[in-house]
Amino acid sequence: MHWIPIGASIYASNIGAPMFIGLAGTAAGSGIAVTIYEWHAVFFLILLGWVFLPVYVACGAYTIPEWVKKRFGGRRLRMYVSFLALLGYILFNISAEIYTGAIFLQQMLDWNIYLCVSIILGITAVYTTVGGLASVIYTDTLQAVVLVIGATILFFMSIIEVGGYEAMEIKFMNAVSNETRFNRSHYSCGVPPSDSLHIFRDAVTGDIPWPGALLGLSTLGLYTWDQDQIIVQRTLSARNMAHAKAGALLGAVLKLTGFLMFVIPGMNSRILYTEEVACSDPDKCMAFCNNKSGCTNIAYPLMVLRLLPKGLRGLMLAALLAALMSSLTSILNSASSIVTLDIWHQFRKKASQSELMIVGRVTVLILIGFSILWLPILQQTQGGRFWFYMQSVKSYLIPPLCMMFLLGLFWKRTTEQGVFWGLMLSIVVGVIRMVLDFTFLAPACGSDEVDTRPEIISKVDFLHFATILALFATIAMVVISLFTQQRPESKLHRLTWWTKDDEEEPDLTDDEDEEVHTTVHLKKDDSNTMQIQETEPSENGVYVRFKIICKNWVCGTDEDAKMHVTAQELKELRRKMTSLEETSLHRKILNASAIVVGVITVFLLGYFH
């Protein structure tokens, strides 16, 4: 792939419906601090291109769990990482996209939420299951253009409507509903925080406390941008390292626009439609948006519905559907890759390409089913602010995985036993916190209910908990690693930051290097030539040919596509796929560009603090 569609796909696959609903909704509730999630991503995308990706490419890993298996050995760790990734897709990826997209359609079309879900799934299922990664990346590129155009138009219209940026700052701090204005018990959640116009907030009372924003959020960012299959898969599709780095850098630049396209419009929506967006009475919130916890989630769709004329309203609906489909298809494509290559292949080592394609498509249906079952939980969490729900769940599951990758990449002494048991202990701690969080819900604003949540929930912000969990996981992994046998140096070639440039391949056993993603046969008439293909059916005739055509369409394979290569050509292909070569000019341009983008991001964080 070329670097432009890679960068556009990174951006579009991340900027889905949760940004329209969650990011804008959180900005409507508490101001600009949520921008740090967007600008944080800039640094981690630069890290992806310059630190993590060279290792993934050098070892020739197709998926992240595959790198885990090659780096640490054994099978259980790879399976664990694969299952945890699938659980994450259900809890905070697929269900999040479906739910937020349904909210948008429900507000615009006044349809039942489950009817909206059915339409969303029907639209995305077709080209995800038929087209594969190539179709996803190309449609992401087109959809990114639609998304940017639509969101930019709404930004300008909303900022003009409120009288400019300075007027917005003043009006936002006074955007309080009448119910809140005459009832002091609603002040805690009905009045914008005093630090609404600051990115870094109080370490104890802030809704995005600055220690959590710098430390806890870093663990989430490292996983999301540098270790998650959804993002890494796009950069691995690049034609060489220069295009991979440039694609990651383009994605980083596009992430800088989130402040203008989602945060500012969310705040403007509170100013323009204060009674609905800033409602604080549970009964009135239920009447406005079917959620007694609050209505900030509808900030963006409400503005689209009321501020834009019919033609532009249709454009924004197209932009939302574009964002939703690009994210959902990216998630489903990555999930099916993990299931087929990292789980199914462990039990069916000689599975044909057709079988793997069928398994991948059935996986898509199963994951969607579980995600729909999770939807009712989303409506009751985090005080009506969907964004905080999504990030809190990540905080309970992701930090141990992040530390596993960092230790495995930079500390060669890390062992499989240390990582595995460190993950086991950490996940117990994280799941306990998550269960408590879903069991003891915060009382709705204005309900006069007593807050009965344990202090580990009410006093420890989820970003602080992410920092604590990461520290606990690191200590556990390091201590256990020191008491267990180190992996031999010969098995670490090209698998760590320090060994990525090694000429030697890692000395893996047959069980550890069992990745065969295409069926390879030696031709009988030439022992030096390999034929890469699916086994041909033995029958002949028009009927059999018709069956083959039908099977190819359903399974996404091509029985006629054969690739004849010599052993030397196969070796050369492997060398190109794992090459870290760049021209001197490209390297200098990319390094300078990365520094400039990083400096701009630091300036923005300092200015808006």
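Please read these numbers as outputs of a predicted model, since none were measured by experiment.

What counts and how
- Within each chain, residues carry numbers counting from 1 in the order of the written sequence.
- Whole-chain, interface and lining totals are the exception, using all residues; otherwise, since this is a predicted model, local features are given only for residues with pLDDT of at least 70 and side-chain atom pairs are given and counted only at 80 or more.
- Hydrogen atoms and water are omitted, and side-chain values are computed over all heavy atoms in the structure.
- Secondary structure follows DSSP: runs of H or I at least 4 residues long count as helices, runs of E at least 2 residues long count as strands, and numbering of each begins at the N terminus.
- For every residue, the accessible area (1.4 Å probe, protein chains only) is compared with the maximum for its type, and the residue is labelled buried under 20%, exposed over 50%, or partly exposed between those bounds.
- Residues are treated as being in contact if the distance between any of their heavy atoms lies within 4.5 Å.
- What sets the accessible areas is the Shrake-Rupley method with a 1.4 Å probe; for residues, cover comes only from the shown protein chains.
- For the purposes of this analysis, a disulfide is any pair of cysteine sulfur atoms at a distance within 2.5 Å.
- By this rule the span expected of a helix is its residue count minus one, scaled by 1.5 Å.
- Axes here mean lines fitted to C-alpha atoms, for a helix over just the part in contact, with angles spanning 0 to 180 degrees between N-to-C directions.
- Should an angle fall under 35 degrees it is called roughly parallel, over 145 degrees roughly antiparallel, and 65 to 115 degrees roughly perpendicular, with every other angle called oblique.
- Any residue that is not Ala, Val, Leu, Ile, Met, Phe, Trp, Tyr, Cys, Pro, Asp, Glu, Lys or Arg is counted as polar, Gly included; the first ten are nonpolar and the last four charged.
- Only Phe, Tyr and Trp rings take part, Trp by its six-membered ring, and two of them pair if their centres are within 6.5 Å. Stacked means planes under 30 degrees apart, edge-to-face means over 60, and tilted covers everything else.
- Definition used: whenever NZ (Lys) or CZ (Arg) falls within 6 Å of the ring centre and also within 35 degrees of the ring normal, the charge is taken to sit over that ring.
- Throughout, bend refers to the angle between the axes fitted to the seven residues that end at a position and the seven residues that start at it.
- His is not counted here, nor are the chain ends, while Lys and Arg score as positive and Asp and Glu score as negative.
- In the sections that follow, a salt bridge refers to a side-chain nitrogen of Lys or Arg positioned within 4 Å of a carboxyl oxygen of Asp or Glu.
- As used in this structure description, the phrase polar contact means that two N or O atoms lie within 3.5 Å; if the pair is within protein, one of them must be able to donate a hydrogen and the other to accept it, and residues adjacent in sequence are counted only when both atoms belong to side chains.
- By convention a nonpolar core is built from buried Ala, Val, Leu, Ile, Met, Phe, Trp, Tyr and Cys residues, the set being connected through side-chain atoms within 4.5 Å.
- Exposure above 30% relative accessible area and the absence of a salt bridge qualify a residue for a patch, where like charges join within 9 Å and nonpolar side chains (Val, Leu, Ile, Met, Phe, Trp, Tyr) within 5 Å.
- Note on convention: near helix rotated counterclockwise from far helix by under a right angle means a left-handed crossing. Clockwise means right-handed.

### A word on the overall build of the chain
- Counting its secondary structure elements, the chain contains 26 helices and three strands.
- Residue burial in the chain is summarised as follows: out of 609 residues, 57% are buried.
- Here the contacts in the chain between residues at least 6 apart in sequence split such that 81% fall between residues at least 24 apart.
- Carbon and sulfur atoms form 65% of the exposed surface of the chain, whose accessible area is close to 25,300 Å².

### Brief notes about the state of the cysteines
- Going through the model one piece at a time under the given rule, you end up with one disulfide.
- Residue Cys279 pairs covalently with Cys285 via a disulfide, S to S 2.1 Å. Given an S-S torsion of about 125°, the disulfide between Cys279 and Cys285 has right-handed geometry.
- Relative accessible area serves as the criterion here: at 10%, Cys279 is assigned to the buried category.

### Brief notes about helix α20 (residues 399–410)
- The terminal C-alpha atoms of α20, which comprises 12 residues, lie 17 Å apart, in line with the 16 Å expected from a rise of 1.5 Å per residue.
- Within α20, 10 of the 12 residues are buried, which leaves it mostly tucked inside the rest of the structure.
- When α20 is considered as a whole, its buried residues turn out to be Pro399, Pro400, Leu401, Cys402, Met403, Met404, Phe405, Leu407, Gly408 and Leu409.

### A word on the packing of helix α1 (residues 3–14) against helix α11 (residues 229–236)
- Remark: α1 packs on α11, axes separated minimally by 9 Å, with the N-to-C direction vectors making an angle of 170°. By the angle class used here, α1 and α11 are roughly antiparallel. Between α1 and α11, the contacting residues are Ile6, Ser9, Ile10 and Ser13 on the first element and Ile230, Ile231, Arg234 and Thr235 on the second.
- Residues of the contact of α1 with α11, tallied by class, amount to four nonpolar, three polar and one charged.

### Quick look at the packing of aromatic side chains
- According to the stated counting rule, one finds 15 aromatic pairs in the structure shown.
- On the numbers, 6.3 Å between centres and 80° between planes, the contact of Trp67 with Phe72 is edge-to-face. Judged on exposure class, the residue Trp67 and its partner Phe72 are both buried.
- Linked through ring pairs, Trp39, Phe259, Phe603, Tyr607 and Phe608 together constitute an aromatic cluster.
- For the cation-ring pair, Lys500 lies above Trp497, with the distance from its terminal atom to the ring centre recorded as 3.6 Å.

### So, the environment of Leu142
- Within the fold, Leu142 resides in helix α6 (residues 113–162).
- When its relative accessible area of 59% is taken as the criterion, Leu142 is described as exposed.
- The sequence separation of Leu142 and Ala8 amounts to 134 residues, and the corresponding C-alpha distance is 8.4 Å.

### Points about helix α13 (residues 258–272)
- Taking 1.5 Å per residue, 15 residues should reach 21 Å; α13 reaches 20 Å between its end C-alpha atoms and fits that length.
- Of all the bends found along α13, the most pronounced is centred on Ile264 and spans about 25°, while Pro265, a proline, follows it within four residues.

### Describing the side chain of Arg494
- Locating Arg494 in the fold gives a position in the loop between α23 (462–482) and β1 (520–523).
- As a buried residue without a salt bridge, Arg494 has its nearest oppositely charged side chain in Glu505, at a separation of 4.1 Å.
- In terms of polar contacts, Arg494 uses its side chain to reach the backbone carbonyl oxygen of Ala58, at 3.2 Å.
- Among the polar contacts made by the side chain of Arg494, one reaches the main-chain carbonyl oxygen of Asp502 at a distance of 3.1 Å.

### Regarding the pattern of salt bridges
- The final tally for this structure, using the stated rule, is 10 salt bridges.
- Glu179 is paired through a salt bridge with Lys284; the nearest N and O atoms lie 3.1 Å apart. Separated by 105 residues along the polypeptide, Glu179 in helix α8 (residues 178–181) and Lys284 in helix α15 (residues 282–289) bring together distant segments of the chain.
- A relative accessible area of 25% places Glu179 in the partly exposed class.
- By relative accessible area, Lys284 is classed as partly exposed at 42%.
- When the shortest N-O distance is used, the salt bridge between Lys500 and Asp501 registers 3.6 Å.
- Asp501 sits in the exposed class, given a relative accessible area of 53%.

### Description of the nonpolar core
- If you look at the biggest cluster of nonpolar residues, it comprises 164 residues, and the most contacted ones within it are Tyr37, Trp67, Ile208, Phe262, Tyr300 and Met404.
- Broken down by element, this core gets its largest block of residues, 20 residues, from helix α5 (residues 76–109).

### Digging into unusual backbone geometry
- The backbone phi angle of Arg494 is positive, close to 65°, even though this residue is not glycine.
- We classify Arg494 as buried; its relative accessible area is 11%.

### Quick look at a nonpolar patch on the surface
- A cluster of nonpolar side chains, contributed by Ile358, Val362, Ile366, Phe370 and Leu373, occupies part of the molecular surface with about 480 Å² of accessible area.
- Within the fold, Val362 resides in helix α18 (residues 353–378).

### Focus on the packing of helix α7 (residues 165–173) against α13
- Axis separation between α7 and α13 bottoms out at 9 Å; the angle between their running directions is 50°. Relative to α13, the element α7 is oriented oblique. Here α7 and α13 pass one another in a crossing that is left-handed. On α13, the residues that touch Tyr165, Met168, Lys171 and Phe172 of α7 are Phe259, Ile264, Met267, Asn268, Arg270 and Ile271.
- Class assignment of the residues belonging to the contact of α7 with α13 gives a composition of seven nonpolar, one polar and two charged.

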